[in-house]
Every structure is written in C-alpha cells, then in structure tokens.
Amino acid sequence: MNVVEKRDFIHSHLHQVDESLINQFYEALRKEEVLKTKLISRAEKSENDIHAGKVFTRAEIEQRTDDFPR
C-alpha cells in the first residue's frame, strides 16, 4: 500500500476511532511540527553564524573537547 492509499484509508476511518487514538495522532503530529520548527530555527541560526564568521577552527574545537570533563 503506497502513502496515498494509506492516507485515504486513515482519512476514511477517522470517524470510527476512539478519542484516545485521535489524541495519539494529534500528539505525534504536534511533536513533529515542534521538532521541525526547532530544527529549522537552529539551521537558520547556524547559517547566520557562518555568514557572520562566528565559527571555530579545528584546533579550537579539539581544545574545547579536550577540556570537556569526562
């Protein structure tokens, strides 16, 4: 079954499922949207940092990781 068929199947059966399953779908989709928004924001911030020259050299990264407590 391809994705379009799965979507159609789910859509046609939504009226038959109980509220707990609807809540599970809602929470899964909401969390996915929140994660997507956060990742896009982080990517945009990283791009801005790169364009602004706010980057570390390899030596700086190695030093920072050497200093990290284990």
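First, a word on scope: everything that follows refers to the structure included in this document. Residues take numbers from 1 onward in each chain, read along the sequence in its written order. Local features in this predicted model are restricted to residues whose pLDDT is 70 or higher, and side-chain atom pairs enter the listing and the counts only when it is 80 or higher, whereas totals over whole chains, interfaces and linings include all residues. Computation of side-chain values covers all heavy atoms of the structure but excludes hydrogens and water.

### Comments concerning the overall build of the protein chain
Consideration 1: For helices the rule is a DSSP run of H or I covering at least 4 residues; for strands it is a run of E covering at least 2, with both sets numbered from the N terminus onward. Within the protein chain one finds 3 helices and 0 strands.
Consideration 2: Helices and strands appear in the protein chain in the N-to-C order α-α-α.
Consideration 3: The globule rule used for comparison is 2.2 Å times the number of residues to the exponent 0.38, while the radius of gyration itself is calculated over C-alpha atoms. Whereas a compact globule of 70 residues would reach a radius of gyration of roughly 11 Å, the protein chain reaches 22 Å, over 25% beyond that.
Consideration 4: When its C-alpha atoms are laid out on the principal axes, the protein chain stretches across 60 × 30 × 20 Å.
Consideration 5: Relative to its full complement of 70 residues, the protein chain shows a buried share of 0%.
Consideration 6: With residues, only the protein chains shown are counted as cover, and all accessible areas are computed by Shrake-Rupley using a 1.4 Å probe. Summed over its atoms, the accessible surface of the protein chain is roughly 6900 Å², and 57% of this surface lies on carbon and sulfur atoms. Only protein chains enter the accessibility calculation, which uses a 1.4 Å probe; a residue whose area is less than 20% of its type maximum is buried, one above 50% is exposed, and one in between is partly exposed.

### Focus on helix α2 (residues 19-51)
Consideration 1: Take the number of residues in a helix, subtract one, and multiply by 1.5 Å to get its expected span. In a regular helix each residue adds 1.5 Å, so 33 residues correspond to 48 Å; α2 covers 48 Å between its end C-alpha atoms and thus fits that length.
Consideration 2: Just past α2, the residue Gly53 takes up positive phi, approximately 80°.

### Quick word on the environment of Leu29
Consideration 1: Tracing the chain through its elements places Leu29 in helix α2.
Consideration 2: On the basis of relative accessible area, Leu29 is assigned to the exposed category, the value being 54%.
Consideration 3: Taking C-alpha positions, Leu29 is 35 Å from Ala52, a pair spaced 23 residues apart along the chain.

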